[in-house]
Amino acid sequence: DDCAWVGLDYRDLRAVSGGQLHLSATSEACAGATEGSCVAGCPSERPFRAGPFMGSIGEYGSGGQTYGRLSDGLTAVSFSSDLPTESVAGLLESLTPLNVHR
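Definitions and limits used
- Residues numbered from 1 in each chain as written.
- Predicted model: local features only at pLDDT ≥ 70, side-chain atom pairs only at ≥ 80, totals over all residues.
- Heavy atoms only, no water.
- Helix = DSSP H or I, 4+ residues; strand = E, 2+ residues; numbered from the N terminus.
- Buried < 20%, exposed > 50% of the residue type's maximum accessible area, 1.4 Å probe, protein only.
- Contact = heavy atoms within 4.5 Å.
- Areas by Shrake-Rupley, 256 points an atom, 1.4 Å probe, with all protein chains shown as cover.
- Patch = residues over 30% accessible without salt bridge, like charges linked within 9 Å, V, L, I, M, F, W, Y side chains within 5 Å.
- Salt bridge = Lys/Arg side-chain N within 4 Å of Asp/Glu carboxyl O.
- Pairing = 2+ DSSP bridges.
- Core = buried A, V, L, I, M, F, W, Y, C linked by side-chain atoms within 4.5 Å.
- Axes fitted to C-alpha atoms, helices over the stretch in contact; angles between N-to-C directions.

A. Representation of the overall build of the chain in the model. Check the secondary structure of the chain and you find two helices and six strands. Shown N-terminal to C-terminal, the secondary structure of the chain runs as helices and strands in the order β-β-α-β-β-β-β-α. The 102 residues of the chain split such that 31% are buried. Summarising the internal contacts of the chain: among those between residues at least 6 apart in sequence, 41% fall at separations of at least 24. If you sum the accessible surface of the chain, you get close to 6500 Å²; carbon and sulfur atoms cover 55% of it.

B. Spotlight on a nonpolar patch on the surface. The grouping of Val6, Leu8 and Tyr10 at the surface amounts to a nonpolar patch, some 250 Å² of accessible area in total. Considering the arrangement of structural elements, one finds Tyr10 in strand β1 (residues 5-11).

C. Local environment of the pairing of strand β4 (residues 53-60). Here five bridges tie strand β3 (residues 46-50) to β4, and the two strands are oriented antiparallel to one another. Bridge pairing in β4 places Arg49 opposite Met54. Between β3 and β4, which pair antiparallel one after the other, the connecting turn spans two residues, and Gly51 there sits at a positive phi close to 60°. Two elements, β4 and strand β5 (residues 65-71), share seven bridges in a ladder whose sense is antiparallel. Across the sheet, residue Gly55 finds its bridge partner in β5, namely Leu70.

D. View of the nonpolar core. One finds Phe48, Leu70, Phe79, Val88 and Leu92 to be the most contacted residues of the largest nonpolar core, which totals 15 residues. Elements represented by at least two residues in this core include exactly β2 (20-27), β3, β4, β6 (75-81) and α2 (85-92). Residues within four places of Val88 in sequence aside, it is in contact with Leu21, Ile57, Thr66, Phe79, Ser81 and Leu83.

E. Representation of the pairing of β6 within the structure. Most of β6 is tucked away, with six of its seven residues classed as buried. Here β2 runs beside β6; their pairing, made up of seven bridges, is antiparallel. If you follow Ser24 over to β6, its bridge partner there is Ser78. For β5 and β6, the ladder comprises six bridges, and the chain directions are antiparallel. From the neighbouring strand, Ser71 faces β6, where its bridge partner is Ala76.

F. Structural view of the sheet that holds β1. Spatial ordering of the open sheet is given by β1-β2-β6-β5-β4-β3, a layout of six strands whose pairing is antiparallel. Each edge of the sheet is formed by a strand with only one pairing partner; in this case those strands are β1 and β3. Adjacent strand axes in the sheet meet at a mean angle of 20° when their direction is disregarded.

Rendered as structure tokens:
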């Protein structure tokens with residue numbers, strides 16, 4: 001009810017299909033314990049760091065969907081993409097904390 005969040009969808013306009021990345025950011029308090037976590041049937045996630053953010057990254061499905069969740073202790077970022085894990089990791093290297101002033 002009192003949680004602000006932002007969702008960003010990126011797509012490679014040159015691609016006929018694919019090339020998508022979805023990011024969702026909110027406060028760590030609003031993210032909840034299960035957001036972005038793997039559900040039954042997903043492979044193990046591995047630790048991942050992007051700037052001040054730490055969390056996990058993983059793949060599921062034969063098409064290699066990449067997903068994960070990161071946090072800097074204040075801001076939680078969930079992501080999913082049809083890009084390869086290495087490409088997503090490179091894109092997320094530029095993450096910086098979300099500064100929200102009320």
